[in-house]
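What the coordinates show
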Amino acid sequence: MSNVFILVDHASGKIANTAGELSAFGKRIGGVTALVLAEPGTGAAIAEELKAFEIEKIIIVENVAFSQHGIPAIADAVASVLASHSPKALLISTSARGKEIAARVAVQSNSGLITDAIDISENLIATQSIFGGSFTVHSHVKTGTPIITIRPSAIDFTATPSNPTIENVTVEISDIAKLVSINNIQPAVKGGRPELTEAKIVVSGGRGTNGDFSKVESFADSLGAAVGASRAATDAGWYPHTHQVGQTGKTVSPQLYVACGISGAIQHRAGMQTSKNIIAVNKDPEAPIFDLADLGIVGDLFAVLPQAEAAIIAKKR
Ligand SMILES: Cc1cc2nc3c(=O)[nH]c(=O)nc-3n(C[C@H](O)[C@H](O)[C@H](O)COP(=O)(O)OP(=O)(O)OC[C@H]3O[C@@H](n4cnc5c(N)ncnc54)[C@H](O)[C@@H]3O)c2cc1C
């Protein structure tokens, strides 16, 4: 019985989350093989980190073309390993990078592709939340190897150490995948908080902050959360557009989403309504966000958040 492949995107620096979540989904379908694409001499160290998860096998492909030619070379290598190993499916974490790899591999391997799934069943039926969360779609790939990208934080996982077998595979990268060369890479400057789309907890502020995000940020830090914002807040220049949650911003699906001073417009909901638990803090008891919330607190966020933060800090002591 062939395994399910998971692509470990070590380039994102998020091996633990990616491998943990993808292997948790992969286990439902069958044994899990992690596919590691690495620079020469670095695959073994990545494989070592992967032993923290329930993985049966690790395939290491090392090639200097991955850094020289980027995603086309990575996709080329993945398609080549797929052709030689015929896995049951390939699971990739949803991100701009993950979706580009998935799309290229799907074309190269003549396979069906499902992006941004929020769940997968043991018989490979993927669940997507589409059109701003208005519809839930269940779909199944009928052609080739099912390639499915899965939204980060869509599943809770516990690290379970394993002793996977290691296979080193050599692949030839095609000339067409080398047509673009990378000359220079500048890593984005990141703050100390987790990445919005990958965070387990997101605390977002809206127009109700009146431009003062200090209480939202401080509360987020007490939980180790990422900070998001509504479009009203980003359009006003109160918070960077890169933190906007919603239809024209980012889609998040954390374990906990805390909306502070956000009314709950449909365009905002589109980006957060698949969150597992939603808490809303709003001084208007009629705010639509309360229709969606698992827990609603009617009150002024500037009074509620400091109290909640103090309680969290006290609990941690
Ligand atoms: C094409 C299109 C795309 C869009 N895309 C997005 C998107 O991606 N993301 C997005 O968010 N929006 C988007 N919008 C905008 C969206 O329609 C709303 O205008 C926006 O979400 C409102 O933001 P808000 O909830 O912060 O502000 P408001 O709707 O003004 O709500 C502010 C809330 O704060 C509460 N409040 C005020 N003071 C306090 C206080 N001290 N304590 C507690 N509560 C308080 C108020 O009761 C109110 O409910 C889009 C709109 C369009 C047309």
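Note that the coordinates shown come from a computational prediction; the quantities given were computed from them, not determined experimentally.

**Focus: the overall build of the protein chain**
- Scanning the protein chain for helices and strands turns up 10 helices and 15 strands.
- Its C-alpha atoms put the protein chain at 60 × 40 × 40 Å along the principal axes.
- When burial is assessed residue by residue, the protein chain has 44% of its 317 residues classed as buried.
- When contacts within the protein chain are restricted to residue pairs at least 6 apart in sequence, long-range pairs at least 24 apart make up 67% of them.

**What about the site of the ligand?**
- The local shell around the ligand holds 28 residues, among which Gly206, Gly208, Ser230, Arg231 and Gly246 are the closest.
- Per-element accounting of the shell around the ligand gives the leading share, 3 residues, to helix H7 (residues 231-235).
- Counted by class, the shell around the ligand contains 9 nonpolar, 14 polar and 5 charged residues.

**A closer look at the environment of Ala44**
- With respect to the element layout, Ala44 can be found in helix H2 (residues 43-50).
- Given 14 C-beta atoms within a 10 Å radius, Ala44 is considered partly exposed.
- Sequence separation between Ala44 and Ile58 is 14 residues; the distance between their C-alpha atoms is 9.8 Å.

**Structural notes on the environment of Ala34**
- Relative to the assigned elements, Ala34 resides in strand E2 (residues 32-38).
- A tally of 27 C-beta atoms within 10 Å means that Ala34 is categorised as buried.
- Along the chain, Ala34 and Leu22 lie 12 residues apart, while their C-alpha atoms are 9.2 Å from each other.

**So, the domain arrangement of the protein chain**
- Domain annotation for the protein chain reports domain 1 (4-178) and domain 2 (196-316).
- The centre of domain 1, based on its C-alpha atoms, is set 31 Å off from the matching centre of domain 2.
- Taken together, the 11 residues of domain 1 in the interface contact 12 residues of domain 2.
- Partitioning the side of domain 1 that touches domain 2 into residue classes produces 3 nonpolar, 5 polar and 3 charged.

**Some words on H2**
- If you check which residues of H2 are buried, you get Gly43, Ala47 and Leu50. Projected onto a plane normal to the axis of H2, the buried residues spread over an arc of 55° and lie on a single side. Structural note: H2 exposes Ala45 and Glu48 on the side pointing more than 90 degrees away from its buried face.

**Things to note about the sheet that holds strand E11 (residues 201-205)**
- Taken together, 5 strands build an open sheet; the order of strands is E12-E11-E13-E14-E15 and the sheet is parallel. The open sheet has two free edges, formed respectively by strand E12 (226-229) and strand E15 (295-298), since each of these has just one partner strand. The sheet shows a mean angle of 15° between the axes of neighbouring strands, taken without regard to direction.
- Judged from the 5 bridges that link them, strand E13 (residues 256-260) and strand E14 (residues 277-282) form a sheet pairing that is parallel. Directly across from Val258, in E14, lies its bridge partner Ile279.
- In the packing of helix H6 (residues 214-223) onto the sheet, contacts are made with E11, E12 and E13, and the angle to E11 comes to roughly 175°.
- Relative to the sheet, helix H10 (residues 301-316) contacts E13, E14 and E15, its axis offset from that of E14 by approximately 130°.

Reading guide: rules and limits
- Residues numbered from 1 in each chain as written.
- Predicted model: local features only at pLDDT ≥ 70, side-chain atom pairs only at ≥ 80, totals over all residues.
- Helix = DSSP H or I, 4+ residues; strand = E, 2+ residues; numbered from the N terminus.
- Buried ≥ 20, exposed ≤ 12 C-beta atoms within 10 Å, placed from the backbone.
- Contact = placed C-beta atoms within 7 Å.
- Near = placed C-beta within 6 Å.
- Nonpolar A, V, L, I, M, F, W, Y, C, P; charged D, E, K, R; others polar.
- Domains from an automatic or database assignment.
- Arc of directions from axis to C-beta.
- Pairing = 2+ DSSP bridges.
- Axes fitted to C-alpha atoms, helices over the stretch in contact; angles between N-to-C directions.

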